[in-house]
Amino acid sequence: MKLLRRPDLELIGIDKGFRGKQVLRRVSLEVQPGEFIAVLGPSGSGKSTLLKIAAGFEQPDSGTVRLQGEDVTAVPPYRRNINTVFQNYALFPHMSVFDNVAYGLRRKKVKPAEVTQRVGEALALVGLASFGPRQPETLSGGEQQRIALARALVNRPAVLLLDEPLSALDLKIRRRMQGELKRIHEEVGTTFLFVTHDQEEAVVLADRITVMRDGGLEQVGTAREIYDRPATPFVADFVGEMNWLRGQAEGGVARLADGNALHLPEGIAPPAGALRVGVRPERLRIAAVGATSGARENALAATITRITFQGPSTVVEARTETGEAIRCLCGPADVAGALLPGSAILCLWDAEATLVFDAAGAENGLTRKGELVE
Amino acid sequence: MKGPLSRSGAATAFGLFAIAVYVFLYLPVITMVVLSFNNSIGIGLPWGGFTTRWYRESLENALARNAFLSSVQLAVVVSLVSSSLGLGVALAFRRAFRGKALMLNALILPLLMPGIVLAVGQITLWNLLGLLPGLWGTALLGHLVYTVPFAFLNIFPRVHRFDPNIEAAAADLGAGPWTVFATILLPRILPGLLASALFCFTLSFDEFTRTLFLIGAENTLPIYFWSIILTDPSPAASAIATLSVLFSLGIVALGLLALSGRRRGRAALAGAQG
């Protein structure tokens, strides 16, 4: 029997417009207790507005916000048991680190002895136990980030919101903070909802990812689901890289532009008409011309245009006979020997690695990464 | 190789020039201070010997004392009211609204209008409205019209520069609107408020043109000073002026001390802890 759990945070049918522009349309999202969920989308997709509505800084035009089952739609931010880590940290510049972290507890009239103890624990949690007397301006970006985290978590919120928490840090510190965030989440068990435009960060950190576009939800799922089975061409393109090929389906039989049959995953029937066929670069395998493909394998003839050695992997760019640019991410074993620009090759991939969308998806203004590289 | 005008030569020239500017700026005040100790009947030379009797007489003069007290009281009220109004307007200007730039300019424009024009305009208006000239009516209003734009100019940059995210963070941590203002915004804009209060105090304390038109039968120190210069120009006038300058300087020094004390206190705290 499945245990019915009450979600920590429910956003139900949220609509929001600014000056006649619809920023969120009918967005619904449930966040389960203890979950680490990412809201991923490009700038302007409405993800930050969604966060502000959850925190109470914006009111939805319609829809309901529930926090641990309680309707808080009309409750101001200072009466919601929810805390935010702001993008620029927003530490109080005129207070010491200790006073920053103690601020929320003091608003709740927690006794001084308990304040001291809990602030100490929160600072220890983020690994800055001795930083209490410091002033915010003397801290590095990563340290400020941790203090902002301690300042929010010390209040033991039902849900912690993080607004692009790592985007202001440089790459190396960002990587380390990703690990720190994950450790802290595991240690405190609080529900985390974070907003990011960085798909890699979402994949690394989140249990579940919500992909947003133009104010609507495109897909909700685990990183694996979103990467392997994107619901729309937009998601396929936004999370990871994708090779796009043209295809056509007639009477349940799909074909690539060169006329060869296209094998699809078990149980997937192609929509009739023009198709957009997607294959991840790392799912392509390079073989010599004339090699035979497996029974459930697709094959495409192409000519290499460029080879880029990247250390652990090599990127082979090629052009198909029907003029499509493709990228193939190869391991060291795959590119042994005589591959050179100009070589004719055969690109093979498994039926299970094939994604197929109808052509309407193609016209939704995608960034076609595969073709930008030429 | 040195150029035709040697570097040290230019430096000397600029140094002398700067000294000349200082002399030009301070000589009138020094002249007045020196003559306030002159034991003669009129203002000016010849020198009749050193005396402090003009100070004694001025301090014992009830009219002078009352004028001084009126000036101080008026300046305190003007300083508090105009800083409060300036703060209110500065807070209103944080929001984006239609015509904001125009409104901002309209607020600052009166600074460019001649004081006498504004004074005449006001006395005419108050007269039409049946308000009689006096210290706590027309003179107070006239000073406020003069000082509020200055208060705003001292406060607005600090309010404007303050990141609203920091206030949002405080609200997020459970602080209601008033607590956010008192614990987050106010401590950060306090230097601007102090500067505004100080500036408006001295503007009001020294104000003459508008006061002359608006005060009616009462006195402030500048008005009293003007009247004795017209009717009885003795070195006592110089003594009163000297005392008035000392008082103004004292107020400014106090303000600066308060501002730097705050900064030093914070720095010392940070140093001791860090």
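**Details of the overall build of chain B**
Next, step 1: Looking only at helices and strands, one finds eleven helices and zero strands in chain B.
Next, step 2: Its helices and strands taken in sequence order, chain B reads α-α-α-α-α-α-α-α-α-α-α from the N to the C terminus.
Next, step 3: Dimensions of chain B, computed from the C-alpha atoms along their principal axes, are close to 75 × 75 × 45 Å.
Next, step 4: Every one of the 274 residues in chain B was classed for burial, and the buried ones make up 37%.
Next, step 5: Contacts in chain B between residues at least 24 apart in sequence constitute 72% of all its contacts with a sequence separation of at least 6.
Next, step 6: Per element, the accessible surface of chain B, about 15,500 Å² overall, is 72% carbon and sulfur.
Next, step 7: Averaging the coordinates of the 17 positive side-chain charges in chain B and doing the same for the 9 negative ones gives two points 14 Å apart.

**Digging into the overall build of chain A**
Next, step 1: Of regular secondary structure, chain A possesses ten helices and 19 strands.
Next, step 2: On the principal axes, the C-alpha backbone points of chain A span a range of 80 × 50 × 45 Å.
Next, step 3: Put simply, of all contacts in chain A between residues at least 6 apart along the chain, 68% involve residues at least 24 apart.
Next, step 4: As presented, chain A carries roughly 16,800 Å² of accessible surface, and 52% of it is formed by carbon and sulfur atoms.
Next, step 5: One way to put it: in chain A the 45 positive side-chain charges average out to a point 6 Å from where the 45 negative ones average out.

**Concerning the nonpolar core**
Residues and elements named next belong to chain A.
Next, step 1: By size, the foremost hydrophobic cluster in this structure holds 47 residues, and its most contacted members are Val101, Leu149 and Ile209.
Next, step 2: The element that contributes the greatest number of residues to this core is helix H4 (residues 141–153), accounting for six residues.
Next, step 3: When neighbours within four sequence positions are excluded, Leu149 is seen to be in contact with Val85, Val126, Leu160, Leu162, Leu181 and Ile184.

**Notes on the sheet that holds strand S12 (residues 253–256) of chain A**
All names here are of chain A.
Next, step 1: Strand order in this open sheet of four strands is S12-S11-S13-S19, and the pairing throughout is antiparallel. Here the strands that pair on one side only, and so sit at the sheet edges, are S12 and strand S19 (355–358). Each adjacent strand pair in this sheet contributes to an overall mean axis angle of 35°, direction not counted.

**Some words on the sheet that holds strand S18 (residues 344–350) of chain A**
Residue and element names in this part refer to chain A.
Next, step 1: In spatial order, the strands read S14-S18-S15-S16-S17; together these five strands make up an open sheet with antiparallel pairing. For this open sheet the edge positions go to strand S14 (285–288) and strand S17 (325–330), each flanked by a neighbour on one side alone. Recorded for the sheet is a direction-independent mean angle of 45° between the axes of neighbouring strands.

**Observations regarding the domain arrangement of chain A**
Interface size is commonly expressed as the accessible area that is lost once the parts come together.
Residue and element names in this part refer to chain A.
Next, step 1: Per the domain assignment, the segments of chain A are domain 1 (9–228) and domain 2 (241–372).
Next, step 2: Listed by partner, the interface residues are four residues for domain 1 and five residues for domain 2.
Next, step 3: For the pair domain 1 and domain 2, the summed buried area comes to about 400 Å², and 26% of that belongs to carbon and sulfur atoms.
Next, step 4: By the criterion of area lost to domain 2, the three top residues of domain 1 are Arg213, Tyr227 and Asp228, representing 94% of everything that side buries.
Next, step 5: If you look at where domain 1 meets domain 2, you find zero salt bridges.
Next, step 6: On inspection of domain 1 and its partner domain 2, the count reaches two residue pairs in polar contact (both at pLDDT 80 or more).
Next, step 7: The element contributing the most residues to the side of domain 1 that touches domain 2 is helix H7 (residues 223–228), with three residues.

**Regarding unusual backbone geometry**
All names here are of chain A.
Next, step 1: Positive phi, close to 45°, is recorded for Gln68, a residue that is not glycine.
Next, step 2: Along the polypeptide, Gln68 turns up in the loop between strand S4 (62–67) and strand S5 (70–71).
Next, step 3: Residue class for Gln68 comes out partly exposed when judged on its relative accessible area of 33%.
Next, step 4: Positioned with a positive phi, Glu164 is a non-glycine residue whose angle comes to about 40°.
Next, step 5: Here Glu164 lies in the loop between strand S7 (159–163) and helix H5 (171–188).
Next, step 6: Judged by its relative accessible area of 7%, Glu164 falls in the buried class.

**Notes on the interface of chain A and chain B**
Next, step 1: At the junction of the two partners, chain A supplies 26 residues and chain B supplies 23 residues.
Next, step 2: For the pair chain A and chain B, the summed buried area comes to about 2,000 Å², and 62% of that belongs to carbon and sulfur atoms.
Next, step 3: Looking only at chain A, the three residues that lose the most surface to chain B are Tyr78, His94 and Tyr103 of chain A, adding up to 29% of its buried area.
Next, step 4: Linking chain A to chain B there are zero salt bridges.
Next, step 5: The tally of links between chain A and chain B comes to six residue pairs in polar contact (both at pLDDT 80 or more).
Next, step 6: When residues of the side of chain A that touches chain B are traced back to their parent elements, those giving at least two are strand S6 (82–85), helix H2 (97–107) and H4 of chain A.

**Concerning the pairing of strand S13 (residues 273–279) of chain A**
Looking along a regular strand, one sees side chains alternate from face to face of the sheet.
Residue and element names in this part refer to chain A.
Next, step 1: With five of its seven residues buried, S13 lies for the most part within the structure.
Next, step 2: Strand direction decides the pairing type here: strand S11 (residues 243–250) and S13, joined by seven bridges, are antiparallel. Pairing of Ala249 across the sheet is with Gly273, part of S13.
Next, step 3: Both S13 and S19 contribute to a ladder of four bridges, which runs antiparallel. Bridge pairing links Val277 to Val356 in S19.

**Concerning the environment of Gln178 of chain A**
Residues and elements named next belong to chain A.
Next, step 1: In this fold, Gln178 is placed in helix H5.
Next, step 2: By relative accessible area, which is 7% here, Gln178 ends up buried.
Next, step 3: Between the C-alpha atoms of Gln178 and Gly44, which are 134 residues apart in sequence, the distance is 24 Å.
Next, step 4: When sequence neighbours within four positions are dropped, the list of residues in contact with Gln178 reads Leu166, Glu200, Glu201, Val204 and Leu205.

**Digging into helix H5 (residues 115–128) of chain B**
All names here are of chain B.
Next, step 1: Spanning 14 residues, H5 covers 20 Å between terminal C-alpha atoms, matching the ideal 20 Å at 1.5 Å per step.
Next, step 2: Among the residues of H5, Gly115, Leu118, Ala119, Gln122 and Trp126 are the ones counted as buried. Seen end-on, H5 carries its buried residues on one side only, within an arc spanning 100°. Exposed and facing more than 90 degrees away from the buried side of H5 are Asn127 and Leu128.
Next, step 3: In the core, the buried residues of H5 are packed alongside helix H6 (135–161) and helix H9 (209–214).

**Section: the confidence of the model for chain A**
Predicted coordinates in regions of low pLDDT should not be interpreted in detail.
Next, step 1: For chain A, mean pLDDT is 86; residues scoring 70 or higher make up 93% of the total.
Next, step 2: Across chain A, the secondary-structure element scoring lowest on mean pLDDT is helix H10 (residues 369–372) of chain A, at 32, and the one scoring highest is H2 of chain A, at 95.

**Here's the deal with the packing of H4 of chain A against H5 of chain A**
Residue and element names in this part refer to chain A.
Next, step 1: In contact at an axis separation of 11 Å, H4 and H5 are set at 15° when each is read in the N-to-C sense. Here H4 is positioned roughly parallel relative to H5, judged by the angle of their axes. At the point where H4 passes H5, the crossing takes the right-handed sense. For the pair H4 and H5, contact is made by Gly142, Gln145, Arg146, Leu149 and Leu153 and by Ile173, Arg176, Met177, Glu180, Leu181, Ile184 and Val188, respectively.
Next, step 2: Looking at the contact of H4 with H5 residue by residue, the class counts come to seven nonpolar, two polar and three charged.

About the thresholds
- One numbering rule holds for all chains: residues counted from 1, following each sequence as written.
- Both sets of labels track the order of writing: A upward for chains, 1 upward for ligands.
- For a predicted model such as this one, the threshold for reporting local features is a pLDDT of at least 70, and the threshold for listing and counting side-chain atom pairs is 80 or more; totals across whole chains, interfaces and linings nevertheless cover every residue.
- Side-chain metrics rest on all non-hydrogen atoms present in the structure, leaving aside hydrogens and water.
- Working definition: helices are DSSP H or I runs of at least four residues, strands are E runs of at least two. Numbering for both runs from the N terminus.
- Buried, partly exposed and exposed residues are distinguished by accessible area as a fraction of the type maximum, computed with a 1.4 Å probe on protein chains only: under 20%, between the cut-offs, and over 50%, respectively.
- By definition, residues are in contact when any of their heavy atoms lie within 4.5 Å.
- For every accessible area listed, the method is Shrake-Rupley and the probe measures 1.4 Å; residues are considered covered only by the protein chains on display.
- The convention is simple: Lys and Arg are positive, Asp and Glu are negative, and His and the chain ends are not counted.
- A charge is said to be at NZ when it belongs to Lys, at CZ for Arg, at CG for Asp and at CD for Glu.
- In plain words, nonpolar cores are sets of buried Ala, Val, Leu, Ile, Met, Phe, Trp, Tyr and Cys residues tied together by side-chain atoms within 4.5 Å.
- Pairs of strands are assigned from DSSP output, requiring at least two bridges between the strands.
- What counts as an axis is a line fitted to C-alpha atoms, over the stretch in contact for a helix, and the angles between N-to-C directions run from 0 to 180 degrees.
- Domain start and stop positions are those given by an automatic or database domain assignment.
- Summed over both partners, the accessible surface that disappears when two parts come together, traced with a 1.4 Å probe, is what is meant by buried area.
- Every case where a carboxyl oxygen of Asp or Glu lies within 4 Å of a side-chain nitrogen of Lys or Arg is listed as a salt bridge.
- Two N or O atoms count as a polar contact when they lie within 3.5 Å, although within protein this holds only if one can serve as hydrogen donor and the other as acceptor, and sequence-adjacent residues are included solely when both atoms are side-chain atoms.
- Each helix should span, by expectation, one fewer than its residue count multiplied by 1.5 Å.
- It is the directions from the helix axis to the C-beta atoms that the arc portrays.
- As a per-residue measure, pLDDT tells how confident the predictor is, with possible values from 0 to 100.
- Convention used here: angles under 35 degrees read as roughly parallel, angles over 145 as roughly antiparallel, angles from 65 to 115 as roughly perpendicular, and any remaining angle as oblique.
- Each helix crossing is assigned a hand: it is left-handed if the near helix lies turned anticlockwise from the far helix by less than a right angle, otherwise right-handed if that turn is clockwise.
- For this classification, Asp, Glu, Lys and Arg are treated as charged, while Ala, Val, Leu, Ile, Met, Phe, Trp, Tyr, Cys and Pro are nonpolar and the rest, including Gly, are polar.

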